[in-house]
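Now for the letters of each chain:
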Amino acid sequence: MREGCLIVVSGPSGTGKGTVCSALLKKHPEIAYSISATTRKPRTGEQDGVNYYFKEKAVFEEMIRKGELLEWAEVYGNYYGTPLAPIREKLEQGKDILLEIDTQGALNVMEKFPEGVYIFILPPSLEELEKRIRGRATDAEESIKRRLESAVGEIKLAEKYQYAVVNESVDDTVDAVAGILKAEHYRSKRCTSVINAICKSKGE
Ligand code: 5GP
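Overview of helix α6 (residues 141–155)
With 15 residues, α6 should cover 21 Å at 1.5 Å per step; its first-to-last C-alpha distance of 21 Å lies within 8% of that length. Along α6, the positions that sit buried rather than exposed are Ser143, Ile144, Arg147, Leu148, Ala151 and Glu154. On the buried face of α6, the contacting elements are α4 (103–112), β8 (117–122) and α5 (126–136).

Have a look at this one:
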């Protein structure tokens, strides 16, 4: 059985990574999605257990204490974290699982899972990023400013990822990410169980 891939996608807020991830999952329903826990309040249309697990701060802190999170970070004044159990389960089943997390979280996961696939989604330019954030109009002005300020710092970290894709158009970006995953599946290190089984059957 092929081993599942842990896929980590990051990028500054407004870069379109959420749209890219949703479109990728729609096109490739075989990829599981890691639903994060957060203390942020739901935005209009967001559902508990679908977009996030929305938690009170005390509950989130309890999850940290119990070691239930693969990683967690404070982003724009709220906690965000990745529940560990579903990731273990999917990878053990040989399934790919996608995490859409911020750069702090991704750098932590890189240390724990160097065999993961790390993809950074870049905006075409900073001007375009601002346009997209303002166009979304779901955040207060103060939050917009905070997100723009942190974007440059996050973009500097793009080189730590194995792949960086400029999101000019959602369709092209989804195709690029799907192409990356296809190639990753053929890495010899992901086929060790098949290689070992063949060698064993030949007594080597
Ligand atoms: P938003 O509030 O716009 O949904 O997300 C804000 C930021 O938090 C985004 O950059 C998003 O990728 C990140 N984020 C979402 N879930 C997680 C998580 O589980 N861990 C970490 N470290 N960041 C997350």
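Quick word on the domain arrangement of the protein chain
When the domains of the protein chain are assigned, the result is domain 1 (1–31 + 96–204) and domain 2 (35–95). Taking the mean C-alpha position of each, domain 1 and domain 2 sit 18 Å from one another. At the junction of the two partners, domain 1 supplies 25 residues and domain 2 supplies 19 residues. In this assembly, domain 1 packs against domain 2 so that about 1,700 Å² is buried in total across both faces, 60% of it on carbon and sulfur atoms. Among the residues of domain 1 in contact with domain 2, Ile97, Arg146 and Arg147 are the three that bury the most area, contributing 24% of the side total. Our count for the domain 1 to domain 2 interface comes out at 0 salt bridges.

Some points on the nonpolar core
Formed by 19 residues in total, the largest nonpolar core has its most connected members in Leu6, Val8, Leu99, Val109 and Tyr118. Looking at this core, the elements with two or more residues in it are β1 (6–10), α3 (84–92), β7 (97–100), α4 and β8. Core analysis: the second largest hydrophobic core is formed by 18 residues, Leu24, Ile119, Val165 and Val174 among them.

Let's talk about the sheet that holds β7
Taken together, the 5 strands give an open sheet; going across it, the order is β2-β7-β1-β8-β9, and neighbouring strands pair in parallel fashion. At either end of the open sheet lies a strand with only one pairing partner, and these are β2 (32–33) and β9 (163–166). Sheet topology places β2 next to β7; 2 bridges connect them, and they run parallel. From the neighbouring strand, Tyr33 faces β7, where its bridge partner is Leu98. The strands that helix α1 (residues 17–27) touches are β1, β2, β7 and β8; relative to β7, the one it contacts most, it runs at about 165 degrees. Across the sheet, α3 touches β1, β2 and β7, and the angle it forms with β7 is around 150 degrees.

Let's talk about the sheet that holds strand β4 (residues 52–54)
Judged by pairing direction, the sheet is mixed, and its 4 strands sit side by side in the order β4-β3-β6-β5 without closing on themselves. The open sheet terminates on both sides in strands that have one partner only, identified here as β4 and β5 (69–75). Each adjacent strand pair in this sheet contributes to an overall mean axis angle of 25 degrees, direction not counted. Where β5 meets strand β6 (residues 78–83), 6 bridges bridge the pair, whose relative direction is antiparallel. Note on β6: the bridge partner recorded for Trp72 is Gly81. Across the sheet, α3 is in contact with β5 and β6; its angle to β6 comes to roughly 30 degrees.

Rules and cut-offs
- Residues numbered from 1 in each chain as written.
- Predicted model: local features only at pLDDT ≥ 70, side-chain atom pairs only at ≥ 80, totals over all residues.
- Heavy atoms only, no water.
- Helix = DSSP H or I, 4+ residues; strand = E, 2+ residues; numbered from the N terminus.
- Expected span 1.5 Å × (residues − 1).
- Buried < 20%, exposed > 50% of the residue type's maximum accessible area, 1.4 Å probe, protein only.
- Contact = heavy atoms within 4.5 Å.
- Domains from an automatic or database assignment.
- Buried area = accessible area lost by both parts, 1.4 Å probe.
- Salt bridge = Lys/Arg side-chain N within 4 Å of Asp/Glu carboxyl O.
- Core = buried A, V, L, I, M, F, W, Y, C linked by side-chain atoms within 4.5 Å.
- Pairing = 2+ DSSP bridges.
- Axes fitted to C-alpha atoms, helices over the stretch in contact; angles between N-to-C directions.

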